[in-house]
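Structural characterization, general
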Amino acid sequence: MNIQASTLPFIFVEHSKNPLDALTLDVFNLKNSSNNLIILCESRADIHNIRLQLIRQAQTKNIKSFQLPDINSMQDWVWQQARSSKPILSEYHKQLLLVDAIRQSKSIFKTNNLWAVSKELISLFNECTLAQIPLELGESSFRELLNSSYGLSKQDLHSISKESEIIYKLWLAYQDQIKAGNLIDPIDLYCHWLANQKEFFSDSHFYLIGKHRIYPAEAIFLNRIKDSLSIYYPQVDPDNLATANHPHLKFFRTYGNHAVKPLDIIFNSSSDTFKRINQLKSEFPNNPFPKHLSLFTAGSIENHVWAICLQTKKWLLEDKTPIAIIANDRLLIRRIRAVLEEEGIRANDLGGWAFSTTSAATSIEALLDATEKDFKKEPLLDLISSPFLPQSGILKFKQQVYACRNILHKHRSLPSDNIDKFIELISKELMVSHELTTTLSLLKDSFESFFKPLRIGEHKLSKFCNSLMSVLNALGIKDCLINDLAGAQLLDTLESLIHSTNKSDIQINWNEWRQWLRGIFENNYFIPGDTDNRVTLCGFQYIDNTKYDYVIFAGIEEKRIISAKKQGTFFNEKVRYELKLKTNQETNAINYIRFRQVIEQSKHVLLTAESISNGESQEISSWVKMIELFSQSAYSQSLKDDELLQIFSSYKNFKALKKHQVQTQPKAYSACKLVPENISATQYQSLIDCPYQYFAKYILGLKDQEQSEKFEAADFGKLVHQSLYTFHFQEHNKESIKFTIDNRDQLIKQLTNVSTSIFNHALFSKSAKQGWFQRWALNIPAYIDWSIERSNEWKPLFGEKKINQQFIDSTNIEGQIDRIDSNQQHHSVVDFKTGSFPSDKSIRHGEAVQLPFYALLDSNISQVEYLDLGKRAITNSKAIISKDELNELKIKNSERLIFLLNSLHNQTELPASGIDSKCRICDYEGLCRKSHWNR
């Protein structure tokens, strides 16, 4: 091979149409050589692709003793060879130094997003170093270089002085910080070693494969080892306008003999179109495209994604693999992946998920949001709903969180210094677990110890990061993250950040730190495990040096397939081109090469597009248009995929039919371990009203609709219950109250005072409380009259009595009874009602089960009744059931409850009842979809 340096910093290379095939053949021919084989490539993604290809080829050729050569990206290999006595900067540490440089240069450069600009500067400085732009010669030399690149005269030199001043001074400040810290930039190390290494690798043979861009600094080294170097890359046609900006066109070229392919003719822009059509038809009498290339156009994003999914499923059923779905639009890839997962296909997504999309990062953001917003109710509840808080009884914990949410929804926000009051409130209204209150207490302690001091002023970035990790440890979140795939990778990233920030003295404030952390979550990715390797999702940058037999190019509209990155802060496209830096035109030229490689090397390629997006017509890529034009003109055949169109039409018809298909009520069944260990009267009533409602509410643990912040009838009932309990059963009242006619006025006054105190302490507006209190005050005399009359036969025994006892082997029954009265050995249950309550008939017919259920809790209960407190100035007992009638109801309800509980534990399917009166007040119609049932 003849590699020679030119006056320009580029090298002369051979080219190969199929680089992997040529590489494989060469490597196998040299496999018994004494030479050390070293394969260098563009990126770490290429390493995987090349390794996989070599292994496949070895298996195909039945080469069992094949030893895989060393495969590295070029930069990684150099860093392995170079031995630096100074610490090498990580990308995170470089960004911190640049942020500090920007902050110190506010007089010349102002920006609100330090992190975004620093990231852009890292890329710019790296490229400048690789392109050997001599910033070290001073600002005046750099300004002259920019002047030449912009094409300005010497008189106009002042117009670019500001840009050159900013870049040079930021670069100089960055270099000063590196020297002060006795550090070394990894790209500087890379270029320095390439230029100055003296060792000649006589016992090694190098392969450079698929590296589209070779920078001047790299060309120096490659020229030095030219006698032991083989370079493979796709052919770039100098006469094709699509590749006019490809970096390889700057190489001196030599062409070998290779068979002309259809795309060579189609994309040969140096020839007349009509002549090329005739040439294609002459050299290829039969249309070469329909057998392995097809086109599908959809009218919407939904149809587009579903067509891709259907084609993927079809190929999988036909055992046509490996499959690649390639798109230049990351958002489209995410939507495709979501639909594939709905269909049970967990594709291998090479782009991965941004950490910001994971529940692990969301939990950390929720922690910081709750801190930042002073623990107001919504961010606080979002935090304690996190799946990464340590929980033993997860379902019960979640139900408690939802209950807290509903309780707080009707109260005003609590200030951050009053989180103790929050704990007191939920403890008072709920039987919350010790685990929940402990979590809240730990949260309060962690905030005060670590985060509160950081909210004001500027601090070292390392202090923020170390404090975050300390809080994650204190709350037990770190241990939970370790057991999650995304969480474990996120922790590794945070540990790297801490390692980098500990070396930095940069001072930032809380908001800047939050901005920095969000950027980390957005720009770092994790690859999910347990994927189906038969299907790969990826962008254009991942398809170099690999082969897929069946490919879907998704989104081949011009706006998606052509790269048009937003112009950066520094340099326009023309200047970047003149300075030998990357440009959008160059990226598009490289993507064209990739596009052609895939079409020519795959067994079948499906091209997909949307004809309309956001109400606007979309143009198909000019590359695809050209192929379609030649197919139509030379052979009168379209590339349209009629088979997929037919499959998709059948799918749409099936979907429409299914949508209008007669539905029946759903049937619920559950695993034994999900059935609650305890059942209450409310749960039993739900099971009777509708088993599907019970399934959703108590087995799945789905929350009810959130309560209103307004004072409602339910709140009124709770305050009346609390007033009556305090009046009858507080220790100083229990023995002293005498219910007689003579004491009537005193009793009314005493209950009124107790009620006034209870209502006044409720967390509602004063006007709302006063209105509802007046309603209850009108009933107090009638209630006292009822109590005096009842005292002749029954005496109050317990209030708000909680009872839990075993019912069958697997289930306990439990309840909280408003009031239990006694008469010798007999007990009577009184259930207070300030609103509506069931009729006598519904209780006796087994439709309302609360009173009979209470009778099951205590064998001494001989009478049950409701006390109507809802009518003004009237208090009456309702639905009094006693003696034999009550015993009969107890037996029937006991038998039915045993049957239902055994059915749940035996996983028997229990259908939704669909009773209109129950459905009207049900929160789960969206699950059972009653409106779609057969009528």
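**Brief notes about the overall build of the protein chain**
Counting its secondary structure elements, the protein chain contains 38 helices and 24 strands. Within the protein chain, contacts between residues separated by at least 24 positions form 76% of all contacts whose residues are at least 6 apart in sequence. Of the roughly 45100 Å² that the protein chain leaves accessible, carbon and sulfur atoms contribute 49%.

**Brief notes about helix α19 (residues 461-474)**
Its 14 residues place the ends of α19 20 Å apart at the C-alpha level, agreeing with the 20 Å of an ideal helix rising 1.5 Å per residue. Among all positions in α19, only Leu 461, Ser 462, Phe 464, Cys 465, Ser 467, Leu 468, Met 469, Val 471 and Leu 472 are buried. Trailing α19 by a residue or two, Gly 476 shows a phi angle of about 80°, which is positive.

**Examining the packing of α19 against helix α21 (residues 485-501)**
Contact geometry for α19 and α21: axes closest at 9 Å, N-to-C directions at 145°. Judged by the sense of rotation from one axis to the other, the crossing of α19 with α21 is left-handed. For the pair formed by α19 and α21, the contact residues are Leu 461, Ser 462, Cys 465, Asn 466, Met 469 and Leu 472 on the first element and Leu 491, Leu 494, Glu 495, Ile 498 and Thr 501 on the second. Grouping the amino acids of the contact of α19 with α21 by side-chain chemistry returns 7 nonpolar, 3 polar and 1 charged.

**Remarks on the confidence of the model for the protein chain**
This prediction gives the protein chain a mean pLDDT of 80; 82% of its residues lie at or above 70. Mean pLDDT across the elements of the protein chain ranges from a minimum in helix α16 (residues 394-409), with 54, to a maximum in strand β13 (residues 550-554), with 96. Within the model, pLDDT remains below 50 along residues 705-709, and this stretch shows 14 contacts once partners closer than five positions in the same chain are excluded.

**A word on the nonpolar core**
Counting 139 residues, the largest nonpolar core has Trp 513, Trp 516, Phe 553 and Phe 571 as the members making the most contacts within it. Ranked by residues supplied to this core, first place goes to helix α5 (residues 114-130) with 9 residues. Leave out the neighbours within four places in its chain, and Trp 513 touches Leu 368, Leu 461, Phe 464, Cys 465, Leu 468 and Ile 508.

**As for the side chain of Ser 787**
Turning to its location among the elements, Ser 787 is positioned in helix α33 (residues 766-790). Beyond its immediate stretch of four places on either side in the chain, Ser 787 contacts His 728 and Phe 739.

**Brief notes about the packing of aromatic side chains**
Evaluated as defined, the whole model comprises 32 aromatic pairs. Judged by centre distance (5.9 Å) and plane angle (45°), the rings of Trp 115 and Trp 516 are tilted. Taken together, the residues Trp 115 in helix α5 and Trp 516 in helix α22 (residues 510-523) connect sequence positions 401 residues apart. Here Trp 115 matches Trp 516 in class, with each residue buried.

**Let's talk about the pattern of salt bridges**
Under the definition given, this model contains 32 salt bridges. Where Lys 603 meets Asp 549, a salt bridge forms, and the shortest distance between an N and an O atom there is 3.9 Å. Residue Lys 603 is found in the loop between α25 (584-601) and β14 (604-610), and its partner Asp 549 is found in the loop between β12 (532-538) and β13; the two are separated by 54 residues along the sequence. One salt bridge connects Glu 600 with Arg 596, and the closest N-O pair in it is separated by 2.7 Å. Of the two residues, Glu 600 and Arg 596 both sit in helix α25, 4 residues apart, roughly one turn of that helix. Look at Glu 600 and you get partly exposed, because its relative accessible area is 24%. Judged by relative accessible area, Arg 596 falls into the buried class, the value being 8%. Connected via shared salt-bridge partners are Lys 314, Glu 318, Lys 320 and Glu 643.

**Quick word on a nonpolar patch on the surface**
Together, Leu 700, Leu 702 and Leu 927 line one region of the surface with nonpolar side chains, adding up to about 230 Å² of accessible area. When you line up the elements, Leu 700 lands in the loop between α29 (691-699) and α30 (713-729). According to the relative accessible area criterion, Leu 700 is partly exposed, its value standing at 40%.

**Some details on the environment of Thr 834**
Take Thr 834: it is sitting in the loop between β21 (826-833) and α34 (840-844). Given the relative accessible area of 14%, Thr 834 is considered buried. The spatial distance from the C-alpha of Thr 834 to the C-alpha of Asp 868 is 6.4 Å, given a sequence separation of 34 residues. In contact with Thr 834, not counting residues within four places along its chain, are Phe 716, Gly 717, Val 720, Arg 775, Leu 869 and Gly 870.

**Focus on the sheet that holds strand β3 (residues 204-209)**
Spatially, β2-β1-β3-β4 is the arrangement adopted by the 4 strands of the open sheet, whose pairing is parallel. Each edge of the open sheet is held by one strand with a lone partner, namely β2 (70-73) and β4 (229-232). On average, each strand axis in the sheet is inclined to that of its neighbour by 20°, with strand direction left out of account.

**Focus on the sheet that holds β14**
Strand order in the open sheet made by the 6 strands is β5-β14-β13-β6-β12-β7, with parallel pairing throughout. Two strands bound the open sheet, and with one partner strand each, they are β5 (293-298) and β7 (347-349). On average, each strand axis in the sheet is tilted by 20° relative to the strand beside it, whichever way the strands run. One ladder, built from 5 bridges, connects strand β6 (residues 323-327) with β13; its direction is parallel. Following the sheet pairing, Ile 323 is matched in β13 by Tyr 550.

**Concerning unusual backbone geometry**
The linkage connecting Thr 321 with the following residue, Pro 322, adopts the cis geometry, with an omega of 0°. The residue Asp 319 is not glycine, and still its phi comes out positive at about 60°. Relative to the helices and strands, Asp 319 resides in the loop between α12 (301-317) and β6. In the Ramachandran plot, Ser 636 falls in the positive-phi region, its phi being about 55° despite a non-glycine side chain. Summarising the element assignment, Ser 636 is placed in the loop between α26 (622-635) and α27 (642-660). For Ser 636, a relative accessible area of 63% gives the class exposed.

**As for helix α35 (residues 850-857)**
A large share of α35 lies buried, amounting to 8 of its 8 residues. The set of residues buried in α35 consists of Gln 850, Leu 851, Pro 852, Phe 853, Tyr 854, Ala 855, Leu 856 and Leu 857.

**Structural notes on the side chain of Gln 95**
Positionally, Gln 95 belongs in helix α4 (residues 91-104). The residues contacting Gln 95, other than those within four sequence positions of it, are Trp 115, Ser 118, Lys 119, Ile 122 and Trp 516.

**A look at the pairing of β12**
Most of β12 is tucked away: 5 of the 7 residues are buried. Bridge count between β7 and β12: 3 bridges; the pairing is parallel. The partner of Asn 348 across the bridge, within β12, is Thr 536.

**Examining the packing of helix α11 (residues 273-283) against α26**
It is the contact of α11 with α26, at a shortest axis distance of 9 Å, that shows an interaxial angle of 65°. If you check the angle between α11 and α26, you find them roughly perpendicular. Considering only the axes of α11 and α26, their crossing is right-handed. Contacts from Thr 273, Arg 276, Ile 277, Leu 280 and Lys 281 in α11 reach Met 626, Phe 630, Ser 633, Ala 634 and Tyr 635 in α26. Grouping the constituent residues of the contact of α11 with α26 by class yields 6 nonpolar, 2 polar and 2 charged.

Analysis parameters
Residues numbered from 1 in each chain as written. Predicted model: local features only at pLDDT ≥ 70, side-chain atom pairs only at ≥ 80, totals over all residues. Heavy atoms only, no water. Helix = DSSP H or I, 4+ residues; strand = E, 2+ residues; numbered from the N terminus. Contact = heavy atoms within 4.5 Å. Areas by Shrake-Rupley, 256 points an atom, 1.4 Å probe, with all protein chains shown as cover. Expected span 1.5 Å × (residues − 1). Buried < 20%, exposed > 50% of the residue type's maximum accessible area, 1.4 Å probe, protein only. Axes fitted to C-alpha atoms, helices over the stretch in contact; angles between N-to-C directions. Left-handed = near helix turned anticlockwise from the far one by under 90°. Nonpolar A, V, L, I, M, F, W, Y, C, P; charged D, E, K, R; others polar. pLDDT = per-residue confidence, 0-100. Core = buried A, V, L, I, M, F, W, Y, C linked by side-chain atoms within 4.5 Å. Phe/Tyr/Trp six-rings, centres within 6.5 Å; stacked < 30°, edge-to-face > 60°. Salt bridge = Lys/Arg side-chain N within 4 Å of Asp/Glu carboxyl O. Patch = residues over 30% accessible without salt bridge, like charges linked within 9 Å, V, L, I, M, F, W, Y side chains within 5 Å. Pairing = 2+ DSSP bridges. Parallel < 35°, antiparallel > 145°, perpendicular 65-115°, else oblique.

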